[in-house]
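This is what each chain is made of:
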Amino acid sequence: MEKILIIDDDVQLTELLIEFLGSYKYDIVAKHTPEEGLDYLEKKEANVIILDIMLPGMDGFQVLRKIRENLSIPVIMLTARGEVTDRIVGLELGADDYLPKPFEPRELVARIQAILRRIQTKSKSGIKTIGALCIDSHKYEVRVDDKLVHLTLNEFECLILLVKNKGKVLNRDQIIEELRGIEWDAFNRSVDITMSRLRQKLGDDPKNPRFIKTIWGTGYLFIGGENAD
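One structure accompanies this document, and this report is about it. Small disclaimer: the values here were computed from a predicted structure and weren't measured. (Residues numbered from 1 in each chain as written. Predicted model: local features only at pLDDT ≥ 70, side-chain atom pairs only at ≥ 80, totals over all residues. Heavy atoms only, no water.)

**Remarks on helix H2 (residues 34–43)**
Listed as buried for H2 are Pro34, Gly37, Leu38, Tyr40 and Leu41. When H2 is viewed along its axis, its buried side chains cluster within an angular range of 155° and face the same direction. Exposed side chains of H2 directed beyond 90 degrees from the buried face belong to Glu42 and Lys43. Check the buried side of H2 and you find it contacts strand S1 (3–7), strand S2 (27–31), strand S3 (48–52) and helix H3 (60–67). (Buried < 20%, exposed > 50% of the residue type's maximum accessible area, 1.4 Å probe, protein only. Helix = DSSP H or I, 4+ residues; strand = E, 2+ residues; numbered from the N terminus. Arc of directions from axis to C-beta. Contact = heavy atoms within 4.5 Å.)

If you want it as structure tokens, here you go:
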């Protein structure tokens, strides 16, 4: 049974979600302060985190930043504001999806199911090594120069997609189409933000890349550890 951790100070909403998501056979845990949520994650595991932006004391962005210091658990962010700026900041910090309040609970279920399906699909393909890059899809791990790199689900899937299409330029529309399952196309910077985070974590210099080369005006190309001179 997949465990869903909700971090939201809206007690009425969390009670509704516990009942609704529980009907889909998810194991739901709700925490109403950032500290309680982070403390839970230090001791126990979750498959998906639902994180509100508007929290007391520490906002959701700060909580997400702390989560991403050590964990790659998929995070769906909730906000009452629904601003594009929030979505950009959330993606830059490593959110996997974004849902503005108020929302239809069935839409949240659909997004949770999509994320879990993507994880299960990726876990079947095994280990692939390309130069200094090692991808273990069973363990959902990536290593560069034998050092573990923590990637979010979006970043991991982008890397897998690029590796599968080594030597082929993929444009933004193709990437969105291949990785559809959440609303990547909610705004057109989503792919670029995710790709920027991915390259930063891989230690890739955009001016002299080892792994991912930007083809200006077109898209992205995986070059597989070879310099792109």
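After that view of the structure, there is still more to cover.
**Regarding the packing of H2 against H3**
Relative to each other, H2 and H3 sit at 15°, their axes nearing to 11 Å. The angle between H2 and H3 places the two elements in the roughly parallel class. For the pair H2 and H3, the sense of crossing is right-handed. Each of Pro34, Leu38 and Leu41 in H2 lies in contact with H3, whose residues at this interface are Val63, Lys66 and Ile67. Tallied by class, residues from the contact of H2 with H3 come to 5 nonpolar, no polar and 1 charged. (Axes fitted to C-alpha atoms, helices over the stretch in contact; angles between N-to-C directions. Parallel < 35°, antiparallel > 145°, perpendicular 65-115°, else oblique. Left-handed = near helix turned anticlockwise from the far one by under 90°. Nonpolar A, V, L, I, M, F, W, Y, C, P; charged D, E, K, R; others polar.)

**Some remarks on the nonpolar core**
By size, the foremost hydrophobic cluster in this structure holds 26 residues, and its most contacted members are Leu133, Leu159, Ile175, Met195, Leu202, Ile212 and Phe222. Looking at this core, the elements with two or more residues in it are strand S7 (133–136), strand S8 (141–144), helix H6 (153–164), helix H7 (172–178), helix H8 (190–202) and strand S12 (219–222). For Leu202, the residues in contact, after removing those within four places along its chain, are Leu133, Val142, Val144, Leu159, Phe211 and Ile212. By size, the runner-up hydrophobic cluster in this structure holds 22 residues, among which are Leu5, Leu41, Phe61 and Leu64. (Core = buried A, V, L, I, M, F, W, Y, C linked by side-chain atoms within 4.5 Å.)

**Considering unusual backbone geometry**
The step from Lys101 to Pro102 runs through a cis peptide bond, and the omega angle for that step is -10°. Topologically, Pro102 is positioned in the loop between strand S5 (97–100) and helix H5 (105–122). Positioned with a positive phi, Lys25 is a non-glycine residue whose angle comes to about 70°. Mapped onto the elements, Lys25 comes out in the loop between helix H1 (11–22) and S2. With a phi close to 55°, Asp145 is a non-glycine residue in the positive phi region.

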